[in-house]
Structure formats: C-alpha cells, structure tokens
Amino acid sequence: MLFVLGYFIIELLASIKLGISIGFGWSVIWVVATSFVGALLLRLSPYAIMDSFNTIGMKRFNVLNAQNAAISYVLGAILLIIPGVFSDILGIILLGYTIYLRLFTKIPKEKNYKQGDDDVIDVEIIDSSGSNDANSER
C-alpha cells in the first residue's frame, strides 16, 4: 500500500514538473504519443517475443536472457501505455534493457574438456543389484 502511494506521489510530481517545463499542451501530446507507441509495441510483442526465443536455437541467447528480454519488452510497453511521466521513464528504461540484451549479450563459450584435464572427476558407478547376485553365488 505504501509502495503504491509513493508511486502515485512520484508520478504526480514528475507530471507537474514536466507540465511546468514544457507546457500543458506538450504534456498532453507527450502522454498521448507514449500511449500510442506503447500500444503499438504491445501489439507487436508476440513477434518480438518469438524472435527472442528463436535466437536460442541460433545459439545467440540462453533461455534466461530470452526470458528477460521478453518480460522487459512487455512490461516496458505496458508502462508506456499508462499515462504519466514516471511510468514512461520506467518503460523507456525497460525497453533500453531489452535493446541491450538483444545487441550486447552473448552466450558464454563452453569450456572444452580434453582427456586428462584436471577439472574432470572420473566416477565409477557400481550396480547394487549386481553386487547382491555376486555375493549370493559365493
């Protein structure tokens, strides 16, 4: 409850500050334009999410990065739809994070183990049912 109240206070103060800075008419244009862009991005979200998960097959993304990109894309679009300056800033940050994931993250290269590598532990598995049969034959 306190978090929601704090969010509304920050949203109100940011909207008033923007209204004073650029004027009421431009503030209305800002809110309408970001809502339109957010609705367009949300409408295109199935394609963006599918593209994120297709990059898993191309070995460019791992599942966690694809999931993070999809979630931040959808939440960013929803925050752009919500009227207000603070929600628009949060939406732009989330969309920027999506762009960062798409452009700059790569799957770390797998370490190739060679025979005799010190990092490999050799384990022998003994079947317990086979050991009982061997004991009963003695």
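Residues numbered from 1 in each chain as written. Predicted model: local features only at pLDDT ≥ 70, side-chain atom pairs only at ≥ 80, totals over all residues. Heavy atoms only, no water.

Undergrad: Explain the overall build of the protein here, please?
TA: If you tally the helices and strands in the protein, you get 6 helices and 0 strands. Taken from N to C terminus, the helices and strands of the protein fall in the order α-α-α-α-α-α. Of all 138 residues assigned to the protein, the portion counted as buried reaches 22%. Within the protein, residue pairs in contact and separated by at least 24 positions form 65% of the contacts whose partners lie at least 6 positions apart. In the structure as shown, the protein presents an accessible area of about 10700 Å², 69% of it carried by carbon and sulfur atoms. (Helix = DSSP H or I, 4+ residues; strand = E, 2+ residues; numbered from the N terminus. Buried < 20%, exposed > 50% of the residue type's maximum accessible area, 1.4 Å probe, protein only. Contact = heavy atoms within 4.5 Å. Areas by Shrake-Rupley, 256 points an atom, 1.4 Å probe, with all protein chains shown as cover.)

Undergrad: I would appreciate a short explanation of a nonpolar patch on the surface in the present structure.
TA: A cluster of nonpolar residues, L42, I71, L75, I78, I81 and I82, forms a patch on the protein surface that exposes about 430 Å² of accessible area. With respect to the element layout, I82 can be found in the loop between α4 (63–81) and α5 (85–104). Given a relative accessible area of 35%, I82 falls into the partly exposed group. (Patch = residues over 30% accessible without salt bridge, like charges linked within 9 Å, V, L, I, M, F, W, Y side chains within 5 Å. Salt bridge = Lys/Arg side-chain N within 4 Å of Asp/Glu carboxyl O.)

Undergrad: Explanation requested: the packing of helix α1 (residues 2–22) against α5 in the structure shown.
TA: How two helices sit against one another is set out by the angle between their axes and by the gap between those axes. Contact pair α1 / α5: the axes reach a minimum separation of 7 Å and the direction vectors enclose 100°. In terms of orientation, α1 and α5 fall into the roughly perpendicular class. On α5, the residues that touch Y7, I10, E11, A14, S15 and L18 of α1 are V85, F86 and S87. (Axes fitted to C-alpha atoms, helices over the stretch in contact; angles between N-to-C directions. Parallel < 35°, antiparallel > 145°, perpendicular 65-115°, else oblique.)

Undergrad: Please clarify how the side chain of S35 should be interpreted in this entry.
TA: Inspection of the secondary structure assignment puts S35 in helix α2 (residues 24–43). In this structure the side chain of S35 is engaged in a polar contact, spanning 3.1 Å, whose partner is the backbone oxygen of I81. If we ignore the near neighbours within four places in the chain, the residues touching S35 are L80 and I81. (Polar contact = N/O pair within 3.5 Å; in protein donor to acceptor, adjacent residues only side chain to side chain.)

Undergrad: Is there a simple way to think about the packing of α4 against α5 in this case?
TA: In the contact formed by α4 and α5, the axes pass within 8 Å of each other and the chain directions differ by 155°. The angle between the axes of α4 and α5 places the two elements in the roughly antiparallel class. Crossing of α4 against α5: the hand is left-handed. Across the interface between the two elements, N65, N68, A69, S72, Y73, L75, G76, A77, L79 and L80 from α4 touch S87, D88, L90, G91, I92, L94, L95, Y97, T98 and L101 from α5. The class makeup of the residues in the contact of α4 with α5 is 12 nonpolar, 7 polar and 1 charged. (Left-handed = near helix turned anticlockwise from the far one by under 90°. Nonpolar A, V, L, I, M, F, W, Y, C, P; charged D, E, K, R; others polar.)

Undergrad: I would appreciate a short explanation of the packing of aromatic side chains in the present structure.
TA: Two numbers describe a pair of aromatic rings. These are the distance of the centres and the angle of the planes. A full pass over the atoms with the stated rule returns 4 aromatic pairs. Grouped by ring-pair contacts, the aromatic residues Y7, F8 and F86 constitute a single cluster. (Phe/Tyr/Trp six-rings, centres within 6.5 Å; stacked < 30°, edge-to-face > 60°.)

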